[in-house]
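Here is how the chains run, residue by residue.
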Amino acid sequence: MESEILELESFLPYRLYRLADVVSREFSKIYRDRHGLTRPEWRTLSGLGQHGTMTATALGEQSAMHKTKVSRAVAELERRRWLTRTADEHDRRVERLALTKAGLAAYREMVPLAKAFERELLERLSAEERAAIASGVAALEACLGQDRVGAITLD
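Caption draft 1: The arrangement of the packing of helix H2 (residues 39–51) against helix H5 (residues 101–122) in detail. Following both chains from N to C, one finds H2 and H5 inclined at 95°, their axes separated by 10 Å at the closest point. As judged from the angle between their axes, H2 and H5 are roughly perpendicular. The residues of H5 that touch H2, namely those facing Trp42, Leu45, Ser46, Gly49 and Gln50, are Gly103, Ala106, Tyr107 and Met110. Looking at side-chain class alone, the contact of H2 with H5 contains five nonpolar, four polar and no charged residues.

Caption draft 2: The arrangement of the environment of Asp88 in detail. Along the chain, Asp88 falls in the loop between strand E1 (83–87) and strand E2 (95–99). Sequence spacing of Asp88 and Thr55 is 33 residues, and the spatial spacing of their C-alpha atoms is 9.3 Å. Look past the residues within four positions of Asp88 in its chain and what remains in contact with it is Val94 and Arg96. In terms of polar contacts, Asp88 uses its side chain to reach the backbone amide nitrogen of His90, at 2.7 Å.

Caption draft 3: Molecular detail of the pattern of salt bridges. This model, assessed by the stated rule, comprises eleven salt bridges. Among the salt bridges present, the one from Arg96 reaches Asp88, with a minimum N-O distance of 2.6 Å. Judged by relative accessible area, Arg96 falls into the partly exposed class, the value being 34%. Across the salt bridge formed by Asp91 and Arg93, the nearest N and O atoms sit 3.0 Å from each other. Using a relative accessible area of 76% as the deciding quantity, one classes Arg93 as exposed. Within this structure, Asp21, Arg25 and Arg39 form a network of salt bridges that share partners.

Caption draft 4: Quick peek at the packing of helix H1 (residues 12–35) against H2. Where H1 meets H2, the closest approach of the two axes is 10 Å, and the angle between their N-to-C directions is 80°. One way to sum up the angle between H1 and H2 is to call them roughly perpendicular. Residue-level inspection shows Asp21, Ser24, Arg25, Phe27, Ser28 and Tyr31 of H1 in contact with H2, the latter providing Arg39, Trp42 and Arg43. Residues that form the contact of H1 with H2 fall into these classes: three nonpolar, two polar and four charged.

Calculation criteria
- Residues numbered from 1 in each chain as written.
- Predicted model: local features only at pLDDT ≥ 70, side-chain atom pairs only at ≥ 80, totals over all residues.
- Heavy atoms only, no water.
- Axes fitted to C-alpha atoms, helices over the stretch in contact; angles between N-to-C directions.
- Helix = DSSP H or I, 4+ residues; strand = E, 2+ residues; numbered from the N terminus.
- Parallel < 35°, antiparallel > 145°, perpendicular 65-115°, else oblique.
- Contact = heavy atoms within 4.5 Å.
- Nonpolar A, V, L, I, M, F, W, Y, C, P; charged D, E, K, R; others polar.
- Polar contact = N/O pair within 3.5 Å; in protein donor to acceptor, adjacent residues only side chain to side chain.
- Salt bridge = Lys/Arg side-chain N within 4 Å of Asp/Glu carboxyl O.
- Buried < 20%, exposed > 50% of the residue type's maximum accessible area, 1.4 Å probe, protein only.

Functional significance is not addressed by these values, which are geometric in nature.
Set out below in structure tokens:
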């Protein structure tokens, strides 16, 4: 008979959540210290920096954020004058979001810092461990229908 107790410390979903949270908190120190950004604000800034003009709905899907978090982040970035909203010419209910020059400058300043953070994190692992993580994450994404997010490379 299988145990009726779930040991969270060995339960994969819990371990993945905890790991992602620790990594995210460590990385958040960089954009929080540099620009005073929250996680949703950073995700919004980086989504627009990567993809250009997007709707709030598309930003939420891309960043896996609830629409209220996206809305607050958009409002704060707009208050900083890092983001502009433009009504869609075909549907006035939809707004197109884009970074301003100042927002794009902040994003471009953060890109090398983000890449350095990732590089330093991965340098703690052997080449075999990096390959195993990349393969394992890709396999989980594929079997959960998340492979559309994009393949990760850890080398």
